[in-house]
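# Breakdown of the fold
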Amino acid sequence: MRLLVLVVLSIALMVVDARFAVLKPVRSQMGLVLMESYLITDLPQRLWQGVAGQFGSRTELIAENEKLRTEGLLLQGRLQKLAALTEQNVRLRELLNSSALVNEKVEVAELIGVDPNPFTHRILINKGERDGVFLGQPVLDARGLMGQVVELMPYTARVLLLTDTTHSIPVQINRNGLRAIASGTGNPERLELRHVADTADVKEGDLLVSSGMGQRFPAGYPVATVNEVIHDSGQPFAIVRAIPTAALNRSRYMLLVFTDSRSAEQRATDAAMAQEEADRRGISGAAAPVEGQTPAAGPQGTAPTAPAGAAPSAPVPATPAGVAPAVPSRPTVTAPAMPPAPAAPAATVPARPAATPVAPAQPRRE
Amino acid sequence: MASTRSKNGWFIWLTFAVGLLLSVSPMPQFMEVFRPMWLAMLLAFWSLSLPHKVGMTTAFLLGLAEDVLYGTLLGQNALILTLITFLVLSLQQRLRMFPMWQQSLVILVIFGIAQLIQLWLSALTGNRLPTLALVWSAVISALLWPWISFALRDLRKRLNIN
């Protein structure tokens, strides 16, 4: 009798849980308590790491320090270029009346557990609802996309990895923009592209980046590299296999990406504003070596593209000027550089010609 | 009598807590398939030896806990564990008389059935598990059963739980 009641109850629970969202809060509250067990089982490993860290030899630490410093230097070098490129990208997209996510906020999360079921690829991270994590949020590691959040608990969240059999992600071949869908295979080292025509231009070694088509993952993050293309005349489609770039089963730290719900234009202008702001602060903070490289990256990129893109539209003379002043304005610490900076991202066309006379003057002065 | 019962009842819950921890403890990838069904084994033992204390309701609650831990549908593991406990309870009188190897065999059959239902349920809910490899954990559990059983029986005698 009790069996019958309990069986019916559990079946009812399953149906409700599968179809409705009523039980989600209950679940997350239970998770609040129970998820500690993942932490507890992880404890020995943490302790070991702590002890190893305590007793790590001095030379090792020095070597690591050295490595990190050079790495930091390299990354900073790349970042200098990136600032200019980001800005330029935003402006070019403004010209094209389109926009993409350029500045996304990220937050670091740490792995605390792996799903015990060997047939699913899910992991637990130590950030949850209280940290602002939301359902469907993309998760990255240092090398590429890892997956998305599928279940929220107050202080933890469950992440479905790209390679789970139930997961698919819209991708694009970086080389030629060909779109496809990459599905998980249940093998942590393999993704498969679905329904790729036999004649499609896919080669071994092609980088697949997220295309942003499903509106879930931001565009442009690396997903996988193609490692095998099989043309079988007996099959309707080519078989394309790829290896995820992210270390899905090795990464311990990952990034949660916060995308925002603002409109594309709003986002672009906001991003540009923020960039200007950051740049201005960077100048006052006297980051002299940083400025050295920016003009090199800036004008080279803008000069050929801006006139081409703007040619058919009316505000032709205005636009190249709008692009130009912002980039050289950074290297000059002088006062006249400041006024054009806020004017540029405001996106009002008449405002730009006003800035024009200042712009060409400065590169010449350099 | 009642006082001793309430004094050492915590031990049962301690074993269940440890069982929950064991069922999520990290293991090498290739060994995940062979993870024993810790909770099911503990439930089987306690419902065999203390049927008046540990029954299907306990199994149901533990199953819910396991569901939350595993992220499966709420009620899936609860159903499985309830069924296991029911089968063990209904065979209880006979199982207690059996020698250990025979107990193991019966446990193997019960857990095998439970895992098949698990497979069927997860196919139904869309989380398709590719193979019958799930049954391995039933085999491992049956092999571990004598040791778990002896150890727990010893502990139970020492702590005088009844």
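Above this text is the structure in question.
Heads up: these notes are all about the structure in this document. What you see is a predicted model; the values in this text were computed from it and never measured.

## Section: the overall build of chain A
- Regarding its fold elements, chain A presents 10 helices and 12 strands.
- Looking at chain A as a whole, 33% of its 366 residues are labelled buried.
- Pairs at least 24 residues apart make up 62% of the contacts formed inside chain A by residues separated by at least 6 positions.

## What to know about the pairing of strand 4 (residues 145-152) of chain A
All names here are of chain A.
- Taken together, the three bridges between strand 3 (residues 138-140) and strand 4 define a ladder with antiparallel strand orientation. Paired with Val139 across the strands is Gly147, a residue of strand 4.
- Hairpin connection from strand 4 to strand 5 (residues 157-161): four residues lie between these consecutive antiparallel strands.

## Considering the sheet that holds strand 1 (residues 105-114) of chain A
Residues and elements named next belong to chain A.
- Read around the closed barrel, six strands run 1-2-5-4-3-12, paired in antiparallel fashion. On average, each strand axis in the sheet is inclined to that of its neighbour by 45 degrees, with strand direction left out of account.
- Bridge analysis of strand 1 against strand 2 (residues 122-125) gives three bridges, and the strand direction is antiparallel. Across the sheet, Leu111 pairs through a bridge with Ile125, a residue of strand 2.
- Its contacts with the sheet put helix 3 (residues 36-54) on strand 1 and strand 2, and the angle it makes with strand 1 is roughly 75 degrees.

## Notes on helix 2 (residues 38-49) of chain B
Residue and element names in this part refer to chain B.
- The terminal C-alpha atoms of helix 2, which comprises 12 residues, lie 17 Å apart, in line with the 16 Å expected from a rise of 1.5 Å per residue.
- Among the 12 residues that make up helix 2, 11 are buried, leaving the element largely enclosed by the rest of the structure.
- Inspection of helix 2 places Trp38, Leu39, Ala40, Met41, Leu42, Leu43, Ala44, Phe45, Trp46, Ser47 and Leu48 among the buried residues, and these make up the whole buried set.

Reading the values: the criteria
Residues numbered from 1 in each chain as written. Chains lettered and ligands numbered in written order. Predicted model: local features only at pLDDT ≥ 70, side-chain atom pairs only at ≥ 80, totals over all residues. Helix = DSSP H or I, 4+ residues; strand = E, 2+ residues; numbered from the N terminus. Buried ≥ 20, exposed ≤ 12 C-beta atoms within 10 Å, placed from the backbone. Contact = placed C-beta atoms within 7 Å. Pairing = 2+ DSSP bridges. Axes fitted to C-alpha atoms, helices over the stretch in contact; angles between N-to-C directions. Expected span 1.5 Å × (residues − 1).

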